Amino acid sequence: MKRKLSCEEKKVKKTTFLRKNGLSLVGGFVGLLFLVFSSGTVEAIPSFARQTGLACSACHTVFPELTSFGRQFKLNGYTMTNIKTIVQKESVSKNKEKSRDMLKLLHISSLSLAFNTGFTHLAKSIPGTQNNNVEFPQSISLYYGGAITPHLGSFIQLSMEDDEGTFGVDMLDIRYANTTSLSKIPLLYGLTLDNGPMMGDVWNTASPWSYPYSASGVAPAPSAGTIVEGGLMGTVGAGTYGLFGNTLYLGFSVYRTAPFGTVFPPDNSSMMTIKGLSPYWRVAIQHQWAKSYLEVGTFGLSTHLYPTGVSGETDNYTDFGFDLQYEYPFAKGQFTFHSSYVMEKQQFNASYAAGNSESLNGKLNSFKTDASIFLRKGYKFTLGYFNYQGTSDNIIYAPEAVSGSRTGLPNSSGFMTQLDFLPWENTKISLIYTAYSKFNGAQTDYDGSGRNASDNNSIYLQLWFLF
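Residues numbered from 1 in each chain as written. Predicted model: local features only at pLDDT ≥ 70, side-chain atom pairs only at ≥ 80, totals over all residues. Heavy atoms only, no water.

Caption draft 1: Region of interest: the overall build of the protein. What the protein contains, in helices and strands, is five helices and 19 strands. A total of 467 residues make up the protein; the buried ones form 55% of that total. Accessible surface, the protein as shown: approximately 19200 Å² in total, 63% of it carbon and sulfur. (Helix = DSSP H or I, 4+ residues; strand = E, 2+ residues; numbered from the N terminus. Buried < 20%, exposed > 50% of the residue type's maximum accessible area, 1.4 Å probe, protein only. Areas by Shrake-Rupley, 256 points an atom, 1.4 Å probe, with all protein chains shown as cover.)

Below, the structure written as structure tokens:
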């Protein structure tokens, strides 16, 4: 399936760090996954507002950040409604006193459309390219979001990206949800079908829902990122989840390669194909006080991937992460804090044997945090920090102009500041400044071609609206 990937970034076609073969391709692909999912444009959609009869602010502060009600709406399968429905009932008892719904459709369409465009200025232009680029449009997305049946709902996004000019499946989350009680403890439970780990997450600490929520499609970005933050490209996953007493959340899913727009079924020409199933798990504890909210959690993913083909040795990745989300509303707005830390263990059985990595084992750690102040007049200011640290490998992270690493290290770090203005709840204007203190392993001459980390500092101005 076609993915932006985390929210998720739109830099799939610019990943020149994807080498021609072997683990150089693997390392680049992992980075690609991170870039895409760490800034995928994920939104509130107007069809949800039309279905519930509530303004966007009921579920979001500034989309896509969810409020407590927004988290419950998603966990309940996008099915809460406050509008007229078309109902067909069937009797289930001989005396016709009991019946069940055979059909229950919304009276209005569940379709929405999103449009965004952006302007990017780099501190130093990429050699041989133009600076001060306008992406018009950067993407156009069509959504189907809302109730399908009384307990079944969906969030489906089809997007056209400016680097391809074609439409494809971007984000997909279909879920069944219901409630019961377990030893007098309320239980909200459900089944999910989606196209990436963390797609079903309701907290804004995990890709594709984590900060930054959008990014330039032309600015260079670090070449490394963990598998769990990037998800698994071209997959489908099925899982189950439960929220016990509105406090303890448990979720488990398994994923399988399901390519879209490429070779199907996967064969000897396929890349990064899952062997068997890749399990993903999620645990979170949340608590709502009178004036504050806190979530702490952990998550993980284990996957065995064929770098090329569908047989032989695999490269194995095991990710283990922690996250925290804190919210403090005040009279004129809300303060929000997010943080996550991911440790990834890498075992390059296939790539090391093929001579495409220097070492059999590696690791990559990711730390992200952001804090924001939202004012109900429509303004929001966010300050974020990111840091990626990993083991050296001069084959995976080889020197290459702009996207490579002179040191063989994937280490990157920097700050992001963002100002959002919402003149209306379905319209957002964002100004984002990204400053790198380190890029692909070094501060100066990081690529071996004379480019410095600060040369990739960028200013990104975006217009984003939905209807």
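From this point, things continue past the structure.
Caption draft 2: Structural detail: the pairing of strand β11 (residues 278–288). Bridge count between strand β9 (residues 248–257) and β11: eight bridges; the pairing is antiparallel. Each residue of the ladder has a partner; that of L250, found in β11, is V283. As paired strands, β11 and strand β12 (residues 293–308) are joined by nine bridges and run antiparallel to one another. If you follow Q288 over to β12, its bridge partner there is Y293. Between β11 and β12, which pair antiparallel one after the other, the connecting turn spans four residues. (Pairing = 2+ DSSP bridges.)

Caption draft 3: Looking closely at the packing of aromatic side chains. In this structure the tally under the stated criterion is 19 aromatic pairs. Aromatic side chains F386 and Y388 sit 6.1 Å apart centroid to centroid with 35 degrees between the ring planes, which places their arrangement in the tilted category. One exposure class covers both F386 and Y388, and it is buried. Ring pairing ties together the aromatic residues F386, Y388, Y436, F439 and Y446, which thus form one cluster. (Phe/Tyr/Trp six-rings, centres within 6.5 Å; stacked < 30°, edge-to-face > 60°.)

Caption draft 4: Highlighting the pairing of strand β17 (residues 412–424). Of the pairings in the sheet, the one linking strand β16 (residues 379–390) to β17 comprises ten bridges and is antiparallel in character. By the bridge assignment for β17, Y388 is matched with S412. Relative to strand β18 (residues 427–438), β17 runs antiparallel, the two being bridged by ten bridges. Looking across to β18, one finds that G414 is bridged to Y436. Linkage of β17 to β18, two consecutive antiparallel strands, is achieved through a turn of two residues.

Caption draft 5: Inspection of the side chain of R175 at higher detail. Residue placement: R175 occurs in strand β6 (residues 167–182). Accessibility expressed as a relative area gives 0% for R175, which makes it buried. Engagement of the side chain of R175 in a polar contact is seen with the backbone oxygen of G200, the distance being 3.2 Å. Those residues in contact with R175 that sit more than four places away from it in its chain are K74, L75, G77, Y78, H151, L152, G153, L191, T192, G200 and Y241. (Polar contact = N/O pair within 3.5 Å; in protein donor to acceptor, adjacent residues only side chain to side chain. Contact = heavy atoms within 4.5 Å.)

Caption draft 6: Structural context of the pattern of salt bridges. Considering all chains together, one arrives at seven salt bridges under this definition. Where R175 meets D173, a salt bridge forms, and the shortest distance between an N and an O atom there is 3.0 Å. Pair check on accessibility: R175 and D173 agree, each one buried. Residues joined in a network through salt bridges with shared partners are D201, R282, E295 and D323. (Salt bridge = Lys/Arg side-chain N within 4 Å of Asp/Glu carboxyl O.)

Caption draft 7: Region of interest: the nonpolar core. By size, the foremost hydrophobic cluster in this structure holds 19 residues, and its most contacted members are M198, I227, V228, Y280, F299 and L305. Residue assignment for this core shows that the elements contributing at least two residues are α4 (227–230), β10 (271–274), β12 and β14 (333–348). Ranked by residue count, the leading element in this core is β12, at three residues. Contact partners of V228, with chain neighbours within four places excluded, come to M198, Y280, F299, L301, D319, V342 and E344. Ranked by size, the runner-up nonpolar core spans 16 residues in total, among them Y211, Y213, I432 and F439. (Core = buried A, V, L, I, M, F, W, Y, C linked by side-chain atoms within 4.5 Å.)

Caption draft 8: Spatial organisation of the environment of M233. Along the polypeptide, M233 turns up in the loop between α4 and β8 (235–244). Its relative accessible area of 22% is what places M233 among the partly exposed residues. Taking the C-alpha atoms as reference, M233 lies 9.7 Å from F260; in sequence the two are 27 residues apart.

Caption draft 9: A look at the environment of A354. Along the polypeptide, A354 turns up in the loop between α5 (349–353) and β15 (361–375). For A354, a relative accessible area of 52% translates into the label exposed. Remark: the alpha-carbon pair of A354 and E313, spanning 41 residues in sequence, is separated by 10.0 Å.

Caption draft 10: Seen up close, the side chain of N387. The residue N387 is located in strand β16 in this model. N387 gets classed as buried once you look at its relative accessible area, which sits at 16%. There is a polar contact of 2.9 Å between the side chain of N387 and the side chain of Y385. Non-local contacts of N387, meaning those with residues more than four positions away in its chain, are made with N365, S366, F367, S412 and S413.

Caption draft 11: Representation of the environment of S270 within the structure. Considering the arrangement of structural elements, one finds S270 in the loop between β9 and β10. When the C-alpha atoms of S270 and P259 are compared, they prove to be 9.4 Å apart, with eleven residues separating the residues in sequence. At 2.8 Å, the side chain of S270 and the backbone nitrogen of D267 are in polar contact.

Caption draft 12: A look at helix α3 (residues 68–75). Those residues of α3 that fall on the buried side of the exposure criterion are G70, R71, F73, K74 and L75. Following α3 by one or two positions, G77 adopts a phi angle in the positive range, close to 80 degrees.

Caption draft 13: Up close: a nonpolar patch on the surface. Taken together, the side chains of F381, L383, F415, L419, I429, L431, Y433, I459, L461 and L463 make up a nonpolar region of the molecular surface, amounting to roughly 840 Å² of accessible area. Listing elements by their share of the nonpolar patch, those giving two or more residues are β16, β17, β18 and β19 (458–466). Following the sequence through the fold, F381 ends up in strand β16. With a relative accessible area of 45%, F381 lands in the partly exposed category. (Patch = residues over 30% accessible without salt bridge, like charges linked within 9 Å, V, L, I, M, F, W, Y side chains within 5 Å.)

Caption draft 14: Region of interest: unusual backbone geometry. In the segment running from F136 into P137, the intervening peptide bond is cis, with an omega of -10 degrees. Within the secondary structure layout, P137 lies in strand β4 (residues 133–149). The omega torsion of the bond from Y211 to P212 falls at 5 degrees, within 30 degrees of zero and hence cis. Mapped onto the elements of the fold, P212 is located in the loop between β7 (185–194) and α4. Even without being glycine, K184 reaches a positive phi, approximately 70 degrees. One can find K184 in the loop between β6 and β7. Unlike most non-glycine residues, V402 shows phi in positive territory, near 75 degrees. In this fold, V402 is placed in the loop between β16 and β17.

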